[in-house]
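# Residue-level structural notes
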Amino acid sequence: MIQIRPATLEDSLEITSLFRDTVTHINKKHYSEKQINAWASSADDLEEWKKRIDKYYFIIAEIESNMVGFAYLKNGNYLDGLFVHKDYQRQGIGSKLLRIIESQVMMTDFEILKSDVSKTALPFFDNNYFEVIKKQKKTHKGVIFENYLVEKTL
């Protein structure tokens, strides 16, 4: 059974570990080693993750007290991150996190949920009725990534 709860600062190390493991294992089929290393290195900035937990709507998914995913919402309607543990893919965790994020967006009177999503995540968002607004190239730590701006009317 998947439990959802708010993230706390005490979760930051586990969040960054889950983030790094997911990026390095799940996204490697769509991105180069150089891109993966640049992306995964974002886990090293623990202070930035603590700011996200403190400032944004940030939720954790757990199964039997084990963290299996997280999602966070920035500026009321921008899904800035949704990650599911590499060993718990395709078990409904991402969908449950997304439903709660969508509810939060609607409760704050936004009608559209937006996100920048990876090539790896695009099928998940497509299956959850998001539309691709544009394909884009973004630079992170000097490395260029291809991703997609998507949105969903709620």
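This text gives an overview of the structure that appears in the document. Quick caveat: nothing in here was measured; it's all calculated off a predicted structure.

Attention now goes to the packing of aromatic side chains. Think of a pair of aromatic rings as described by two things: how far the centres are apart, and how the planes are tilted against each other in angle. Within this structure, the stated rule accounts for 14 aromatic pairs. Ring geometry for F19 versus W49: centroids 5.0 Å apart, planes at 55 degrees, classification tilted. Placement of the pair is F19 in helix α1 (residues 12-26) and W49 in helix α3 (residues 46-55), with a sequence separation of 30 residues. W49 matches F19 in its accessibility class, with the two residues each being buried. Centroid distance Y56 to Y72: 6.2 Å. Interplanar angle 5 degrees. Geometry classified as stacked. Note that Y56 is positioned in the loop between α3 and β2 (57-63) and Y72 in strand β3 (residues 66-74), a separation of 16 residues in sequence. These aromatic residues form a ring-pair network of at least three members: F19, W49, Y56, F58, F70, Y72 and F83. In this arrangement the basic side chain of R52 is found over the ring face of W49, its NZ or CZ atom lying 4.4 Å from the centre.

Moving on, we get to the pattern of salt bridges. This structure, assessed with the given rule, holds 9 salt bridges. The residue R5 makes a salt bridge to E62 at a minimum N-O spacing of 3.0 Å. With a gap of 57 residues between them, R5 in strand β1 (residues 2-6) and E62 in strand β2 connect regions that are remote in the sequence. The partly exposed category is assigned to R5, whose relative accessible area is 23%. Looking at E62, the relative accessible area reads 16%, which means it is buried.

This part takes up the packing of α1 against helix α2 (residues 33-40). Packing of α1 against α2 leaves a shortest axis separation of 9 Å and a crossing angle of 170 degrees. Comparing the axis directions of α1 and α2 gives the class roughly antiparallel. Residues F19, R20, V23 and T24 of α1 touch α2, and the partners they reach there are I36, W39 and A40. Of the residues that constitute the contact of α1 with α2, the class distribution is 5 nonpolar, 1 polar and 1 charged.

Rules used in this analysis
Residues numbered from 1 in each chain as written. Predicted model: local features only at pLDDT ≥ 70, side-chain atom pairs only at ≥ 80, totals over all residues. Heavy atoms only, no water. Phe/Tyr/Trp six-rings, centres within 6.5 Å; stacked < 30°, edge-to-face > 60°. Helix = DSSP H or I, 4+ residues; strand = E, 2+ residues; numbered from the N terminus. Buried < 20%, exposed > 50% of the residue type's maximum accessible area, 1.4 Å probe, protein only. Lys NZ or Arg CZ within 6 Å of the ring centre and 35° of its normal. Salt bridge = Lys/Arg side-chain N within 4 Å of Asp/Glu carboxyl O. Axes fitted to C-alpha atoms, helices over the stretch in contact; angles between N-to-C directions. Parallel < 35°, antiparallel > 145°, perpendicular 65-115°, else oblique. Contact = heavy atoms within 4.5 Å. Nonpolar A, V, L, I, M, F, W, Y, C, P; charged D, E, K, R; others polar.

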